[in-house]
Amino acid sequence: MTTVDTTTALSGGSHLHRRISWAAIFGGVILVVAIQLLLSLLGAGIGLGTVNTTAASTPNAGNLGMGAGIWWVISSCIALFAGGYIAAWLAGVEIRFDGMLHGLVTWGIATLLTFWLLTSAIGGIIGGGFSALGSVADAAGSGISQAAKPIAQATGVSPDMIQQESQSYLQPANPDPASMSPQDAQKQVASNLVTYAKGGADAPAAKEKVVAIMAAQMKISHDDAAKQFDANQAKLKQVRDQAIQSAKTAADASAAAASNASFAGFGVLLLGLIVAAVGGSLAVQRRITVTHRTINDGSMTKATGA
């Protein structure tokens, strides 16, 4: 009788378990969320503990924000490392690449779950009160409009239309600027300024009417009124240009801030991906060796594993 023992160690690409275990990944994701919540509460307690308004030793908002950001990155890395490690360990993988994949999948699901919680739960809580007030206001406005529609449809006119028409009956076709009341002069100036701002063929006539009203109401010469009109238009143009430039500057600053935030978010997510992959790869269990014992008596072949 002859006995031959053959021992084979599993190498890369060989495995005894399933390549992926969703139960293990689910457990890793739950652990990631729980550890992140735990460490976030710890960081909030430490940060709020530094606030002391009585002793005037409260850190400024910039330092608190920076500390909160650094702690969030550290706590996320700890949670993702633990989640990736636990997911790969519970899956019982023997190949390092499989453990890394378990860590990556755990990171992906945990990231999507975190963003979903931030956008749905917290956003819903914050916006709940405002949405309730908005719905009440919308309901009131819709009720008033619905009540007014039958009246408007029945009469075909509105009070504003009647008032405008009555004013047009009492308004002369070419009113004399000298005989206008201050209220009528303001209305004529406003109306002609709108025409002047639109430009076109009617703009010079509108400007001339405004200048004539200014000269009559302010009791100055036509040339002085024209100079004052041009000076006011120059000031308005300067203010408008400054407002446009300020808006462009604010837009550039907002775009730069959004770009920096995007790059920072990318860096944090990439760091979490690497940490989760490393955690999963370190959870690879010992190599499985398989021993084949063959008894050459023509009757029996036995295989044992260790």
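A brief structural summary. (Residues numbered from 1 in each chain as written. Predicted model: local features only at pLDDT ≥ 70, side-chain atom pairs only at ≥ 80, totals over all residues. Heavy atoms only, no water.)

1. Examining the pattern of salt bridges
No. 1: Considering all chains together, one arrives at two salt bridges under this definition.
No. 2: For aspartate 230, the salt bridge goes to lysine 207, with nearest N and O atoms at 3.2 Å. Separated by 23 residues along the polypeptide, aspartate 230 in helix 7 (residues 222-282) and lysine 207 in helix 6 (residues 203-218) bring together distant segments of the chain.
No. 3: On the accessibility criterion, lysine 207 (26% relative accessible area) is partly exposed.
No. 4: The partner of aspartate 241 in a salt bridge is lysine 237, and the shortest N-O contact between them spans 3.1 Å. Here lysine 237 and aspartate 241 lie together in helix 7, a separation of four residues that amounts to about one turn.
No. 5: Under the relative-accessibility criterion, aspartate 241 is labelled partly exposed at 36%. (Salt bridge = Lys/Arg side-chain N within 4 Å of Asp/Glu carboxyl O. Helix = DSSP H or I, 4+ residues; strand = E, 2+ residues; numbered from the N terminus. Buried < 20%, exposed > 50% of the residue type's maximum accessible area, 1.4 Å probe, protein only.)

2. With respect to the environment of alanine 79
No. 1: Mapped onto the fold, alanine 79 is located in helix 2 (residues 61-91).
No. 2: Distance in space between the C-alpha atoms of alanine 79 and alanine 34 is 8.1 Å, their sequence separation being 45 residues.
No. 3: Contact partners of alanine 79, with chain neighbours within four places excluded, come to Val32, Ile35 and Gln36. (Contact = heavy atoms within 4.5 Å.)

3. Section: the side chain of aspartate 98
No. 1: Residue placement: aspartate 98 occurs in helix 3 (residues 96-155).
No. 2: The class for aspartate 98 is buried, based on a relative accessible area of 3%.
No. 3: Here aspartate 98 is in contact with Arg19 and Val93, once residues within four sequence places are set aside.

4. Re a nonpolar patch on the surface
No. 1: A surface patch of nonpolar side chains, amounting to about 530 Å² of accessible area, comprises Phe81, Phe266, Leu270, Ile274, Val278 and Leu282.
No. 2: Among the elements that line the nonpolar patch, the one with the most residues is helix 7, at five residues.
No. 3: Structurally, the position occupied by isoleucine 274 is in helix 7. (Patch = residues over 30% accessible without salt bridge, like charges linked within 9 Å, V, L, I, M, F, W, Y side chains within 5 Å. Areas by Shrake-Rupley, 256 points an atom, 1.4 Å probe, with all protein chains shown as cover.)

5. What about helix 7?
No. 1: With 61 residues, helix 7 should cover 90 Å at 1.5 Å per step; its first-to-last C-alpha distance of 89 Å lies within 8% of that length.
No. 2: Every buried residue of helix 7 is listed here: Ala225, Ala226, Phe229, Gly272, Val275, Ala276, Ala277, Gly279, Gly280 and Ser281. (Expected span 1.5 Å × (residues − 1).)

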